[in-house]
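# Chains, contacts and geometry: an overview
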Amino acid sequence: MRFRALALAAAAVISLHAPPASAQEVTLRAIAGFAEQTAYTKGFVAFIERVNASGKGLVKITFIGGPKAMPPFEVGNALKSGVVDMASVTGAFYTNLMPEADAWKLADMPVPELRKSPGFAYMEKLYADKLNAVYLSRQTDKTPFHLYLTKPISKPDLTGLKLRITPVYRDFFAAIGGTVVQTAPGEVYTALERGVVDGYGWPVHGIFDLGWHEKTKYRVDPGFYSVEVSVLVNKATWEKLSDAQRKVLTDAGRWLETEAVDWAKYNAEEVDRQAKSGIETITFSGADAETFRAKATEAGWAGIIRQSPEHGAKLKELFAQKP
Ligand code: 173
């Protein structure tokens, strides 16, 4: 992996010295934090194709690849340092650099509204300051996370269970008694197969893309939080672009944000597909459902504020304000 990072850095240096394809055309190098068969990376590739078509002669994006090219938890570093110019990634993968990014999960607003909210502007500034990045496009909307299990539970209590997590789920699952172990998505299948974990956190959609349905027995309802996957651009790269080049990226970013995928429809299809493949639903209702969701929110904010007291408290206040 270290060798790959070096190879990427070397390629970045070489590309600086290569003659440009045309006087104005700039080539940007893009990486994805999720595997190529996921809806996120498929959407990102569609965005890249759109940029390459509409930006001909102005801007071209080269897609380097997903987690096979770079471990997901290193994408933030690569973007911040400029080893890559652009990334499709979720905040949970770069909390080492910007713990506040994990707070997107707690913004309970549809994306078009969120974009106009005061919390969004505050986050944009944190991206510039902490990740040296420009926030271009939010890929996901209207999507909750869920707890998936290989063993049944009857109440919101994970005592005795070992769960695969990322920072998204850590404080919540621990708050309701779970033992947590962090892994990249690429290690979940093996962890389930070997019985190293009894379950995992993941969005309502996507488990078929990675084959996890084969090892999953239950989905716990209700879901919690909002799934965030976004396209980010290195700030120095962005600042070197002309207005016309930025417009190509911004327009394609808006398309990806609002038109490319109907997430509500995709999610409903995935729930259906899970049921058909034999995954049972464990549904909490009444007080149990309320406890489950309230603990998620409470533990989620407590975790953000613990890691970033000042910005965390501010984001909690701002994400409660609609535009
Ligand atoms: O890996 C994860 O479970 C995770 O944090 C995540 C975040 C956004 C979309 C999909 C997964």
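Above this note sits the structure.
Predicted model, so just to flag it, every value in this text is computed and none were measured. (Residues numbered from 1 in each chain as written. Predicted model: local features only at pLDDT ≥ 70, side-chain atom pairs only at ≥ 80, totals over all residues. Heavy atoms only, no water.)

Across four bridges, the pairing between strand β6 (residues 162-165) and strand β7 (residues 179-182) is parallel. Counterpart to Arg164 in the pairing with β7 is Val181. Read as a crossover between parallel neighbours, the route from β6 over helix α6 (residues 167-175) to β7 is right-handed. (Pairing = 2+ DSSP bridges. Helix = DSSP H or I, 4+ residues; strand = E, 2+ residues; numbered from the N terminus. Right-handed = clockwise from strand over helix to strand, strands pointing away.)

Another aspect to go through is empty space enclosed by the protein. One pass over the full model with this rule turns up three cavities of 30 Å³ or more. Surrounding the largest cavity, 15 residues form its lining, Phe34, Thr90, Phe145, Tyr169 and Trp202 being those nearest its centre. Where the lining of the largest cavity is concerned, the elements lending two or more residues are α6 and β8 (199-203). Considered class by class, the residues forming the lining of the largest cavity number 11 nonpolar, two polar and two charged. Two domains each put at least three residues into the lining of the largest cavity: domain 1 (2-94 + 131-142 + 227-264) and domain 2 (145-226 + 268-320). Quantified by volume, the second largest cavity comes out at close to 60 Å³. For the second largest cavity, the full set of lining residues is Thr90, Gly91, Ala92, Ala101, Asp102, Trp104, Lys105, Phe145, Val168, Ser226, Val227 and Glu228. Considering only residue class, the lining of the second largest cavity consists of six nonpolar, three polar and three charged. When residues of the lining of the second largest cavity are sorted by domain, at least three fall in each of domain 1 (2-94 + 131-142 + 227-264) and domain 2 (145-226 + 268-320). (1 Å grid on protein atoms, 1.4 Å probe; cavity = no way out; pocket = protein on both sides within 12 Å on 5 of 7 lines; lining within 4 Å. Points joined across faces, edges and corners; volume = space filled by probe spheres on them. Nonpolar A, V, L, I, M, F, W, Y, C, P; charged D, E, K, R; others polar. Domains from an automatic or database assignment.)

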